[in-house]
Amino acid sequence: MKRPILHRAIFLLSLSALILFSACTGTPHTTETPLPFDPQVTKGELENGLTYFIRENSEPENRISLRLYVDAGSVLEEDDQEGIAHLLEHMAFNGSENFETQELERFLESLGMEFGPDLNAYTSFDETVYQLDIPADDEEAVEKAFLVLRDWATGLTLEEEAIDDERLVVQEEWRLRRGAQARIRDEQIGALLQGSRYAERKPIGDMEDVLNTPAERIRDFYRKWYRPELMAVSVVGEIETSRAEELIREHFSYPGPSDTALRPRFEVPLEQETEALILSDPELTIGQVQIMTKLPPRQLTTREEYRRDIVEIIYWNILNSRLEERTKEEDPPFMRAGGSSYPYVRSLEVSYLTGRTRPDKVLQGLEALLTEAKRVADHGFTKSELDRERSRILKAVENAYLERENRESSSIAREIGDYFLEGTGMPGIEYEWQLFQEVLPEIELAEVEALSSRFFPAEARLITLSLPASEEGTEEPTEEAVLALHAQVMNSETEPYTDDQGADRLLESLPPAGSVVEQQSYEAIETELYTLSNGMRIALKKTDYQENRILVSGHSPGGESLVETDALPSSRTAVLIREESGLGSFSANQLEKFLADKDASLEGYIGRSFEGFSGDASSADIEYLLQLIHLSFTAPRFDPEAFNSVQTRISTSVANRDRSPQTAFSDALNRLRTNDNPRRRPFTLETVEAMELALSEEIYRERFGNPEDFTLVFVGNIDTENFLPLAERYLASIPAGDGREEAVDRGIRPAATPVSETVYKGIEEQATVVLVHVQPAEWSDEEAVLTSAAASIVENVLGEEIREELGGTYSISAWGGLYRRPYEYQEAGIYFGTDPGRVEELIGAVDEVIEGLKQNGPEERFVENSIRAYNRSYEEQLEENSFWLNQIEVALREGQDPEDLLTPAEYREIVSAEAVQEKIAELFREEDRITVSLMPESAN
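Cut-offs used in this document
- Residues numbered from 1 in each chain as written.
- Predicted model: local features only at pLDDT ≥ 70, side-chain atom pairs only at ≥ 80, totals over all residues.
- Heavy atoms only, no water.
- Helix = DSSP H or I, 4+ residues; strand = E, 2+ residues; numbered from the N terminus.
- Buried < 20%, exposed > 50% of the residue type's maximum accessible area, 1.4 Å probe, protein only.
- Contact = heavy atoms within 4.5 Å.
- Areas by Shrake-Rupley, 256 points an atom, 1.4 Å probe, with all protein chains shown as cover.
- Lys, Arg positive; Asp, Glu negative; His and termini not counted.
- Charge placed at Lys NZ, Arg CZ, Asp CG, Glu CD.
- Core = buried A, V, L, I, M, F, W, Y, C linked by side-chain atoms within 4.5 Å.
- Salt bridge = Lys/Arg side-chain N within 4 Å of Asp/Glu carboxyl O.
- Phe/Tyr/Trp six-rings, centres within 6.5 Å; stacked < 30°, edge-to-face > 60°.
- Lys NZ or Arg CZ within 6 Å of the ring centre and 35° of its normal.
- 1 Å grid on protein atoms, 1.4 Å probe; cavity = no way out; pocket = protein on both sides within 12 Å on 5 of 7 lines; lining within 4 Å.
- Points joined across faces, edges and corners; volume = space filled by probe spheres on them.
- Nonpolar A, V, L, I, M, F, W, Y, C, P; charged D, E, K, R; others polar.
- Polar contact = N/O pair within 3.5 Å; in protein donor to acceptor, adjacent residues only side chain to side chain.
- Pairing = 2+ DSSP bridges.
- Axes fitted to C-alpha atoms, helices over the stretch in contact; angles between N-to-C directions.
- Parallel < 35°, antiparallel > 145°, perpendicular 65-115°, else oblique.

Visitor: An account of the overall build of the protein chain is needed here, citing residue identities and associated values.
Guide: Across its full length, the protein chain carries 30 helices and 23 strands. Oriented by its inertia axes, the alpha-carbon framework of the protein chain measures out at about 80 × 75 × 65 Å. The buried share among the 940 residues of the protein chain stands at 58%. Partitioning the contacts of the protein chain with sequence separation of at least 6, the portion at a separation of at least 24 is 84%. Surface exposure of the protein chain reaches about 37600 Å², of which carbon and sulfur atoms provide 45%. Taking the 92 positively charged and 183 negatively charged side chains of the protein chain as two groups, their mean positions are separated by 3 Å.

Visitor: Which residues make up the nonpolar core, and what values do they have?
Guide: If you look at the biggest cluster of nonpolar residues, it comprises 82 residues, and the most contacted ones within it are Leu132 and Trp152. The leading source of residues in this core is helix α3 (residues 139-154), at eight residues. Contact partners of tryptophan 152, with chain neighbours within four places excluded, come to Leu68, Ala92, Phe93, Leu104, Leu119, Tyr130, Gln131, Leu132, Tyr222 and Tyr226. Ala600, Leu625, Met691 and Tyr700 belong to the second-largest nonpolar core, a separate cluster that totals 57 residues.

Visitor: Explain the pattern of salt bridges residue by residue, including any values.
Guide: Tallying each qualifying case throughout the model produces 90 salt bridges. In this structure, the salt-bridge partner of glutamate 875 is arginine 63, at a minimum N-O distance of 3.8 Å. Of this pair, glutamate 875 sits in helix α27 (residues 860-877) while arginine 63 sits in strand β3 (residues 63-70), placing them 812 residues apart in sequence. A relative accessible area of 4% places arginine 63 in the buried class.

Visitor: Run through the packing of aromatic side chains, naming residues and quoting values.
Guide: Tallied over the full model, the rule gives 34 aromatic pairs. Three or more aromatic residues link up through ring pairs in this structure, and these residues are Phe613, Phe633, Phe638, Tyr700, Phe704 and Phe710. The positively charged end of lysine 43 is found above the aromatic ring belonging to phenylalanine 37, 5.9 Å away from the centroid. When the ring centre of phenylalanine 594 is taken as reference, the NZ or CZ atom of lysine 598 above it lies at 3.9 Å.

Visitor: Let's hear about the layout of surface pockets: which residues, and what values?
Guide: Volume-wise, the second largest pocket comes out at about 530 Å³. Around the second largest pocket, the lining is made up of 33 residues, and of these Arg178, Gly179, Ala180, Gln662 and Gln766 lie nearest the centre. Where the lining of the second largest pocket is concerned, the elements lending two or more residues are α4 (160-177), α5 (180-192), α21 (661-673), β20 (767-776) and β22 (825-834). For the lining of the second largest pocket, a count of residues per class yields 12 nonpolar, 13 polar and eight charged.

Visitor: How would you explain the environment of arginine 637 if you had to name every residue and give the values?
Guide: With respect to the element layout, arginine 637 can be found in the loop between α19 (622-634) and α20 (640-654). When the C-alpha positions of arginine 637 and aspartate 331 are compared, they lie 19 Å apart, and in sequence the two are 306 residues distant. When sequence neighbours within four positions are dropped, the list of residues in contact with arginine 637 reads Ile577, Arg578, Ser581, Gly582, Leu583, Gly584, Ser585, Phe586 and Ser587. A polar contact of 3.3 Å, which involves the side chain of arginine 637, links it to the backbone oxygen of phenylalanine 586. A polar contact is formed between the side chain of arginine 637 and the side chain of aspartate 639, at a distance of 2.9 Å.

Visitor: Hey, could you go over the sheet that holds strand β2 (residues 51-56) for me, with residue numbers and the actual values?
Guide: Read from one edge of the open sheet, six strands run β1-β2-β6-β3-β5-β4, paired in mixed fashion. Across the chains shown, the open sheet's two edge strands, defined by having one partner strand only, are β1 (42-45) and β4 (119-123). Adjacent strand axes in the sheet meet at a mean angle of 15 degrees when their direction is disregarded. Inspection of the sheet shows β3 paired to strand β5 (residues 128-135) by eight bridges, in the antiparallel sense.

Visitor: So what's going on with the packing of helix α17 (residues 568-581) against helix α23 (residues 693-703)? Which residues, and what values?
Guide: Contact pair α17 / α23: the axes reach a minimum separation of 8 Å and the direction vectors enclose 85 degrees. Between α17 and α23, the interaxial angle falls into the category roughly perpendicular. Within the contact between the two elements, α17 uses Ser570, Ser571, Thr573, Ala574, Val575, Ile577 and Arg578 and α23 uses Leu693, Leu695, Ser696, Ile699 and Tyr700.

That's the geometry; what it means functionally is another story.
What follows is the structure in structure tokens.
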């Protein structure tokens, strides 16, 4: 039960449930109706040419999202500067006129914010974007944040020593990204962008240039392209427009350079013949097919162009639905498939179809993709498909309109960036909602079907097959075979598509209603807990954080802990097989179609200690969500065809798993963390063969057969008066079971420590290290908080010492947690990637940092930063449905009081420098350590 997918629109960029892309610039159509500019956004331009945008917004509360958009990326580098645009982005955090190296990050942390979520940047072919999110209630911090943006734009010091230090970090970022997929992607980019400047200017750059380009050439790039007329600033959040404009003028009204170079546009040759690219790699684990067509870029600035994009939304949604159906076949041609069109670079748009296949069936996967595209060209779509997509899209847009006051500032900032950098229109949600209502009913099948010739012409395609390198004695597909297959399908006849929609209601008849038999109030958090006549408990918390959204999460104790070891393969696939089979009278495909225009989604799980559900719905469609829950208990389906399809797809995903270095690394770590317990072994082909349909159904019905065991939590815009009768009808009517169950401890424990293992796998010169410490520990709320805080502080200290001081890694992380199941224990770990030649050096450096923290404790600033971060997080989470959903469910699951929130004052009492020092000494003991290192085969 997946959410609807849209292809491309403007405001919908903010919706995580929708797949969307913004359009690129091109020649404007002067005879068309221009899109208006969003009236809620203030736009201006300073005398020096810098553009600015301001939008007052209150989601999240007490936050301001600042962005600096620079219309300069890697494509502007000269031959001796490859990678300099990206290195320059890194240098923005390593010294400026007003912030010394690391001072910017420390300033942010002093506000309770974090590098990554609140402070970040990215470099692409065409642009560089800097992000800074800050609290709005600290005027000094707000002014300082504008100074940060000003320094990024014109005040970077770019000192040689700092540049040399950061070169190593960029090299480690490049190293971290290497692998089979990166090698395949490099080949595809080269083929697609062949003959253009883009093919020679990948954003990550050439490491020879990154490591050796003189510092002055980096300064040259900064002076040449970081110019006011090529930059924009956006301010979105809880700040008055007049104040934001005042700060922009104060900090950015500096004179621009007198000598300016024209910002060039680089074209990509569009002419191509159909060609095949066969790529193999020894570390790939599955096959993949891609069919790509190069298209000229287009604008999205007029009403007519927006209408065109709505037509494209319909085309891609219908085609992707058909491809999704084929993945559910008994012997599916691909595990997953889909397509879209999107701007690849400024001067190129690409349409594509892609499918993941068994390595020995890449040609069958290609044939299936080509056939589905040709089926549309031959026969078009059906009226029922068009009607369904109209309803689905209109529902999604309506939901976005209803939630317009809850749109996050970061999403608005992204839209502003697309407007400035790509030329994408920004008319505002009110205009767009009206446009969709007017346009959707008038779109006819013929204009949707006509897009086939644009996206999938008979020729001019790049067909890429990527697959694991063949074993000796086996043959890979040839380019000739691919082109012959393409010609064969293009000259063949296809059968029309049959749209099997199924019934017109989820339940054939309404079940007799049960009743509420008990009510308990948690007044401090405005939550009611009801016990139903079948024993199920439901907790309801009404909020107004989202106008049109209700979340649900439910659990029941037991999970796979109550399943015997030899039945685990069937247990772990039981929910997937049920979901692929459907519910009640609906097959999975029929259910997808029925729910297409209903905003209700539900997924089940069987975990290690619990089973349950998670899902959501619009307020208007909550009845459908409750019906789905009812059917999941009372009418699950387990069809042989679905079982065979699932088994085939899982076998495809695991058949070549041993080729992957990361898989070998994960397997070694898992083996040591569980002492090679058979209940924790990964899926293999032997595991897949042990799956049994009847056993999966039996386990599912056992786990989901007793509503008395279940507690469901609903959070959102709930009308309790209307909701309770629905709950009595669909939840209380589920037949009662036989008492309650509890999860059991199966005795899974780590191997005897200390223990170390090195895995030699992979052809890239990269290494990965994980250090894990596990000990039995007694649970308490205070110790759980302290464990997490100590690990967070360790991570921050290691980031400064290992990343910034040594340049030894791009990223180093630490984690810690206190757990109650399957037994009470605590775990802490450290993870990083690095140069294979520096593994021992960095492990030693990590040990030194940990020993220093044990002996001396952390600096007070790290503790204060942790406290401030919790304060900020607490503020934000109190306004989030997802926080309350988790808070209430965990409390009810563990038999605790949901009203017992950890306040910032209580957090400060728990987290002190002394307490953190003691906890670090307790967590990171070398005698408890599991060390696993991944090294390249060349190091063995």
